[in-house]
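Structure at a glance
Chain by chain, the residues run as shown.
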Amino acid sequence: MRLAWFNIAHDRMRFVVTVLGIMCAVFLMIFQGSMLLGFMRAASKIIDSTDADIWITGRGVTCFEFPVPIERRLFEITRGIPGVAGASRISTGQIQIRKADGVRQQVVLVGADSQVGPHFPIPRLEGTSGPVAPDALVIDRSNAALLEVRGFPVEVEANNLHARVIGETSGFSSFIGSPYVFTSYDDAAKYIRLGPDQTMFLLLRLQPGVNVRTVQGELRARFPNVDVWTRAEFSRKARWYWISKTGAGGAILMAALLGFCIGLAVVSQAVYATTMENIEEFATLKAIGGSRRFVTAVIAAQAGICGLAGYILGTLITLPLVKLATSSIPWVFTPCWLPILALVPALGMCVLASVLSVRAALQVEPARVFRA
Amino acid sequence: MPEHPLAVENVSVFYGPASARISALSNVSLSFRPGTLTLVMGPSGSGKTTLLSVLGALLRPDSGRVFLDGTEIGQLSEDERTRLRRDHIGFVFQAFRLLHAVSALENVLVARDVRGPRSPHDIMNAEATLKSLGLGGKLNLKPDDLSGGEKQRVAIARALLGNHSVLLADEPTASLDSQSGALIRELLRKLSADRSITTVVVSHDPRWTDFADTVVLLEDGRVVNERKNAK
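Residues numbered from 1 in each chain as written. Chains lettered and ligands numbered in written order. Predicted model: local features only at pLDDT ≥ 70, side-chain atom pairs only at ≥ 80, totals over all residues.

1. Here's the deal with the interface of chain A and chain B
What counts, and what does not: This entry defines residue contacts through backbone-placed C-beta atoms, with two residues in contact when those atoms are within 7 Å. Working definition: helices are DSSP H or I runs of at least four residues, strands are E runs of at least two. Numbering for both runs from the N terminus. When residues are grouped by polarity, Ala, Val, Leu, Ile, Met, Phe, Trp, Tyr, Cys and Pro land in nonpolar, Asp, Glu, Lys and Arg in charged, and all others, Gly among them, in polar.
If you look at the interface, chain A gives 19 residues, while chain B gives 24 residues. Contributions of two or more residues to the side of chain A that touches chain B are made by α1 (2-10) and α9 (279-287) of chain A. The biggest single contributor to the side of chain A that touches chain B is α9(A), with 5 residues. Looking at the side of chain A that touches chain B, its residues break down into 11 nonpolar, 6 polar and 2 charged.

Structure follows, in structure tokens:
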């Protein structure tokens, strides 16, 4: 380890360049990882914010944002199914909000019955369990500037009907371009002009102790024209849809992979150049009794030191930059385990980067030490 | 089994492809007494360095046997020969072969590092060895800051730190001025005698002759003369 450090420190400029390269790679990996995780979280945020055990959707619905209407009568029928404690509805659709300055803004309106769960944003007159305010909207804090909401209440038009923005929530920033706006189920049905016989999502809460799979199976058997998912299933389905079908996940993953490759190339080049520069010294080490393990350890330690330094710096710059990025990409999310996890590919790239160098050093003939 | 711990018996080494084989050593048999300094001389291409490589377990002979402390080293695996060099053989090279990124002290301690983790005693020992070679004030200087003679003394200190029974030196004074060369010659002779080290020096320099217990003359890969100096 000591020798590895001296070898690196001897050429400080190369060390600095190597560390900067790895730092950029670590930044890319953590940042892209945060984008991916944030994107996944945002893709199922509305689903996960309910406390429903079961979601009933139109046939073939893959995510919350693209619903298909289902018959409203299911709302009454399903409440009578054994094991079902309660049912509620959610409807969603694109509408236009006419802002105070007269400019219209496309938004995704989400309206829910008040029983969907305490974490779901509903415009209530007071608190989280009070009566629902009529013609009232709740916006996400990250969209306040876009919707020109600088205080509450703000009078607006929703699809040419009167409405008031009465409050804000957080964590519901949209990843599809149009901001989410929340209201009550009845007002949503009015604004999006949902037919009286239609609804979009039915959410069932089960009685304590009831097996979700059993009720799900029964619902599927009785209502073959709709899809019946557990909340976790629908959440996964929505995430998978947005990640795989839109190409967004692939693009983000590719960028993270690119970060890994950049880091790998930088540290490989640096470690290999350092090794080849010192190849005669490795021959000397072998001649004086340095084992293959010793030689390998010196090179691996060189790569490891570069990797660790780059990782620490990369992590240190990434966290404030991610925080900064949330001003324009509010759904970016960095769980605390992500930077720790990034240590694995950071050190992995160092191990990979050492392979060629170790090979070169182990192949050098120790007898060459006698050449002047 | 040979009489002395370091010996070669009928050793031959060839270079090049079978169709154009060049004999570097041809049936060489030599035995080296502990505590003595053997000087191997000969013109360029006579096989001196090849002999040193064979003795140092760096080169496997094509035929013949090499013994070190009772072990036939020609049959050992690569890893076993590495261990043997580490535990038994110290090297001094014409080009010093010091690690350029580390200090004189660290260069010496490398000989300890290849054996495993160093102890405070090892550091004190390395410092004492360097001091005994007149380098007490230069422990923390890097090779680039040392003169040729000083570098060679660091290399000798590195070879001594392992308490090896054999010291192999390839043209150890060829890169030095006459004063430094004389110092190194005296040093190696004294160390051989005082520490009972079997020292083999390869050199073109006839000034070594007076410091050697035995002088071996090689020509075309053969021993043409072996002379013991009267002391």
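Now, onward.
2. Description of helix α3 (residues 104-113) of chain B
Owing to its 3.6 residues per turn, the α-helix brings residues three or four apart onto one side. Worth spelling out the cut-off: Any residue surrounded by 20 or more other C-beta atoms within 10 Å of its C-beta is treated as buried, while 12 or fewer makes it exposed and the intermediate range makes it partly exposed; C-beta atoms here are placed from the backbone.
Judged by how many residues are buried, α3(B) sits mostly within the fold: 8 of 10 residues are covered. Buried residues along α3(B) sit against α1 of chain A together with α4 (120-132) and α5 (148-161) of chain B.

3. Re the pairing of strand β1 (residues 6-15) of chain B
Residue and element names in this part refer to chain B. Worth spelling out the cut-off: Paired strands, in this sense, are two strands between which DSSP finds at least two bridges.
In this sheet, strand β4 (residues 63-68) lies alongside β1 in antiparallel orientation, the contact comprising 5 bridges. Across the sheet, E9 pairs through a bridge with R65, a residue of β4. Examined bridge by bridge, β1 and strand β2 (residues 22-32) share 7 bridges and lie antiparallel to one another. Among the inter-strand pairings, F14 is bridged to a residue of β2, identified as S23. The antiparallel hairpin formed by β1 and β2 contains 6 residues in its connecting segment, where G16 sits at a positive phi of about 85°.

4. Some details on unusual backbone geometry
F152(A) connects to P153(A) through a cis peptide bond whose omega is -5°. With a phi close to 50°, N27(B) is a non-glycine residue in the positive phi region. Considering the arrangement of structural elements, one finds N27(B) in strand β2. The phi angle at A57(B) is positive, at roughly 60°, despite the residue not being glycine. Inspection of the secondary structure assignment puts A57(B) in the loop between α1 (48-55) and β4.

5. Regarding the confidence of the model for chain B
All names here are of chain B. For the record, the criterion: One number per residue, pLDDT, summarises how confident the predictor is, and it ranges from 0 to 100.
Looking at chain B, pLDDT values average 91 and 99% of them are 70 or higher. In the model of chain B, helix α6 (residues 178-195) stands out as the element of lowest mean pLDDT, 88, in contrast to strand β3 (residues 37-41), which has the highest, 96. Both scores are available for the predicted complex, with the pTM at 0.77 and the ipTM at 0.89.

6. Description of the nonpolar core
Let me state the cut-off plainly: Nonpolar cores are built from buried Ala, Val, Leu, Ile, Met, Phe, Trp, Tyr and Cys residues. These are joined into a set through C-beta atoms within 7 Å.
Formed by 186 residues in total, the largest nonpolar core has its most connected members in I22(A), V26(A), F39(A), L109(A), V267(A), C306(A) and V108(B). Those residues in contact with C306(A), other than ones at most four positions away along the chain, are I8(A), F15(A), T18(A), V19(A), I22(A), V267(A), A270(A) and C350(A).

7. A short note on α1(A)
Which entries qualify depends on this criterion: To obtain the arc, one takes the directions from the helix axis to the C-beta atoms.
All buried positions along α1(A) are accounted for by L3(A), A4(A), N7(A) and I8(A). Taken down its axis, α1(A) places every buried residue within 135° of arc, on the same side. The secondary structure elements touched by the buried residues of α1(A) are α2 (12-43), α8 (248-277) and α10 (292-325) of chain A together with α3 of chain B.

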